[in-house]
Amino acid sequence: MYEFRLYVVGQTPKSITVVDNLKGLLESTFDGHYNLKVIDVIENPEMAEKDNILATPTLLKSSPPPERRVIGDLSDRKKVLLNLGFTIESREIRKCKEEIDC
Amino acid sequence: MSKRILIIDDEEAVRRSFILAFEDIGFKVDTAESGEKGLQMKKDSKYDLIFLDLKMPGMNGVETLRQIRKNDKNVPIYIFTAFHKEFMNQLRVAAGEGYDFEIMQKPMSLDIVSITKHILEKSGVC
């Protein structure tokens, strides 16, 4: 199971767009085999500091290792996946979709 | 054409750090020591990115954000603040009012240059 944490600023128009874009990307890429936690830095600044978040928005892939992070508006799907260590043709993603429990 | 950045911060050391960090790699950096001055500079020039300190005497960061957004809803604005609960109340109000902004942690990280390049890459110039 892929674990992600997305750090954003509240419910600003841009943050809502970032969350929606990311959910679309994760759903189409991992077909439900992922967990996404959206964290508002304003409400949880200590969690952001603990995760060493430098700026919003930041997407953090915490599992499986290695940890990867992407900073930006996350609208370029190919770039996001690349920075997370995947390619569209990644064997890892195909394998995840084929297995019942990943 | 070089990307143009505006830094609004009352601390001279911070403004100088930005100039050193970014002019070395080809960005054009303008600085302002107050929200009022920053607002005037924003009216006079076009910027690709604005860094804004939260706590400043006179017009603070959130009020400066409000004034900038009156005339420009699109320029990316990063507000610098420590990630502590005590500093979040003002930001909560601004977010609740529907203003678009992002947050960058203070003190400034050494990664700020690469982060900024990544942010501006969306505009296709970096």
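Residues numbered from 1 in each chain as written. Chains lettered and ligands numbered in written order. Predicted model: local features only at pLDDT ≥ 70, side-chain atom pairs only at ≥ 80, totals over all residues. Heavy atoms only, no water.

A. Highlighting the interface of chain A and chain B. Taken together, the 23 residues of chain A in the interface contact 22 residues of chain B. Both sides together, the interface formed by chain A and chain B hides about 2,100 Å², and carbon and sulfur atoms give 56% of it. Connecting chain A to chain B are three salt bridges. Notably, a salt bridge pairs E102 of chain B with K14 of chain A, separated by 3.2 Å at the nearest N-O pair. For the interface between chain A and chain B, the tally reads ten residue pairs in polar contact (both at pLDDT 80 or more). Elements with a minimum of two residues in the side of chain A that touches chain B: α1 (13-30), α2 (45-50), β4 (68-71) and α3 (77-83) of chain A. Among the elements that line the side of chain A that touches chain B, the one with the most residues is α2 of chain A, at four residues. Its residues placed into classes, the side of chain A that touches chain B shows twelve nonpolar, five polar and six charged. (Contact = heavy atoms within 4.5 Å. Buried area = accessible area lost by both parts, 1.4 Å probe. Salt bridge = Lys/Arg side-chain N within 4 Å of Asp/Glu carboxyl O. Polar contact = N/O pair within 3.5 Å; in protein donor to acceptor, adjacent residues only side chain to side chain. Helix = DSSP H or I, 4+ residues; strand = E, 2+ residues; numbered from the N terminus. Nonpolar A, V, L, I, M, F, W, Y, C, P; charged D, E, K, R; others polar.)

B. The arrangement of helix α5 (residues 112-121) of chain B in detail. Along α5 of chain B, the positions that sit buried rather than exposed are I112, V113, I115, T116, I119 and L120 of chain B. Taken around the axis of α5 of chain B, the buried residues stretch over an arc of 160°, which confines them to a single face. Contacts made by the buried residues of α5 of chain B are with β4 of chain A together with β1 (4-8), α1 (12-23), β3 (49-53), β4 (77-81) and β5 (102-105) of chain B. (Buried < 20%, exposed > 50% of the residue type's maximum accessible area, 1.4 Å probe, protein only. Arc of directions from axis to C-beta.)

C. Broad picture of the side chain of D72 of chain B. Among the secondary structure elements, D72 of chain B is positioned in the loop between α3 (61-71) and β4. Within the structure, D72 of chain B has its side chain in polar contact with the backbone nitrogen of V75 of chain B (distance 3.0 Å).

D. The side chain of K61 of chain A, seen in detail. Residues and elements named next belong to chain A. Relative to the elements of secondary structure, K61 occurs in strand β3 (residues 58-63). Take K61: its relative accessible area is 4%, and that puts it in the buried class. Separated by 2.5 Å, the side chain of K61 and the backbone oxygen of P64 make a polar contact. Residues contacting K61, with those up to four places away along its chain left out, are Y2, E3, F4, P66, E67, R68, L84 and F86.

E. Spatial organisation of the sheet that holds β4 of chain A. Residues and elements named next belong to chain A. An order of β2-β1-β3-β4 is seen for the four strands of this open sheet, with the pairing classed as mixed. Every other strand in the sheet has two partners, leaving β2 (34-40) and β4 as the edge strands with one partner each. On average, adjacent strands in this sheet sit at an angle of 15° to one another, irrespective of strand direction. Note: strand β1 (residues 2-8) against β3, five bridges, orientation antiparallel. By the bridge assignment, E3 is partnered in β3 with S63. Packing against the sheet, α1 makes contact with β1, β2 and β3, and its axis sits at approximately 170° to β1. (Pairing = 2+ DSSP bridges. Axes fitted to C-alpha atoms, helices over the stretch in contact; angles between N-to-C directions.)

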